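For reference, the chains in residue letters:
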Amino acid sequence: MNTDPRPIYQRIAEELRDHIASGALPEGERAPSTNELSTFHSVNPTTAAKALTSLHQEGLVEKRRGLGMFVTPGARERILDQRRARLARDYIRPLLREAASLGLSAEALHAAIDKERNNHDLD
């Protein structure tokens, strides 16, 4: 059972963003069609189209008449930039505030991060 509260089209769009960001769906390549997404995710074609429209509005895919949607040049870097900014906003800044409230120096914080990285397989 999926507990993600987001609408299905948003989850499909995020999956496509993940594929673009990872390089599994490279720039210049054709994105899955509405019908392909609809079949794969067992959703109404309108839902799949909404996911692609979302990516199109973000400038991550472009329509090529008669050919479908294609990943735009620079799409991967735009997604990565957005994710880096979200990482800083949602995780790094709160971490720094908490570290400061605990009186941790930058060195102590780095040591704590290194310790966690070494104690957990992050792959």
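Residues numbered from 1 in each chain as written. Predicted model: local features only at pLDDT ≥ 70, side-chain atom pairs only at ≥ 80, totals over all residues. Heavy atoms only, no water.

Student: How do you make sense of the overall build of the protein chain when you look at a structure like this?
Tutor: Assigned secondary structure in the protein chain consists of five helices and two strands. The C-alpha radius of gyration of the protein chain comes to 19 Å, more than 25% above the 14 Å expected for a compact globule of 123 residues. Principal-axis analysis of the C-alpha atoms gives the protein chain an extent of 60 × 35 × 25 Å. For the protein chain, with 123 residues in total, the buried portion stands at 24%. Considering only contacts within the protein chain whose residues lie at least 6 apart along the sequence, 50% involve residues at least 24 apart. Accessible surface, the protein chain as shown: approximately 8600 Å² in total, 53% of it carbon and sulfur. For the protein chain, the centre of its 18 positive side-chain charges and the centre of its 18 negative side-chain charges are spaced 7 Å apart. (Helix = DSSP H or I, 4+ residues; strand = E, 2+ residues; numbered from the N terminus. Rg over C-alpha atoms; globule rule 2.2 N^0.38 Å. Buried < 20%, exposed > 50% of the residue type's maximum accessible area, 1.4 Å probe, protein only. Contact = heavy atoms within 4.5 Å. Areas by Shrake-Rupley, 256 points an atom, 1.4 Å probe, with all protein chains shown as cover. Lys, Arg positive; Asp, Glu negative; His and termini not counted. Charge placed at Lys NZ, Arg CZ, Asp CG, Glu CD.)

Student: Sorry if this is basic, but what is going on with the packing of aromatic side chains here?
Tutor: How two aromatic rings sit relative to each other is set out by the distance from centre to centre and by the angle between their planes. In the structure shown here, the tally under the stated rule is zero aromatic pairs. Lying across the ring of tyrosine 9, lysine 50 places its NZ or CZ 4.4 Å from the centre. The side chain of arginine 64 reaches across the aromatic face of phenylalanine 70, ending 4.0 Å from its centre. (Phe/Tyr/Trp six-rings, centres within 6.5 Å; stacked < 30°, edge-to-face > 60°. Lys NZ or Arg CZ within 6 Å of the ring centre and 35° of its normal.)

Student: Before we go on, may I ask you to explain the UniProt feature "domain: HTH gntR-type" (unreviewed entry) in the protein chain in this structure?
Tutor: According to UniProt, the "domain: HTH gntR-type" (unreviewed entry) feature falls on residues 6–74. As a span, residues 6–74 carries 52% helix and 12% strand, and end to end its C-alpha atoms are 26 Å apart. (UniProt positions renumbered as here; feature names shortened; annotations may be inferred.)

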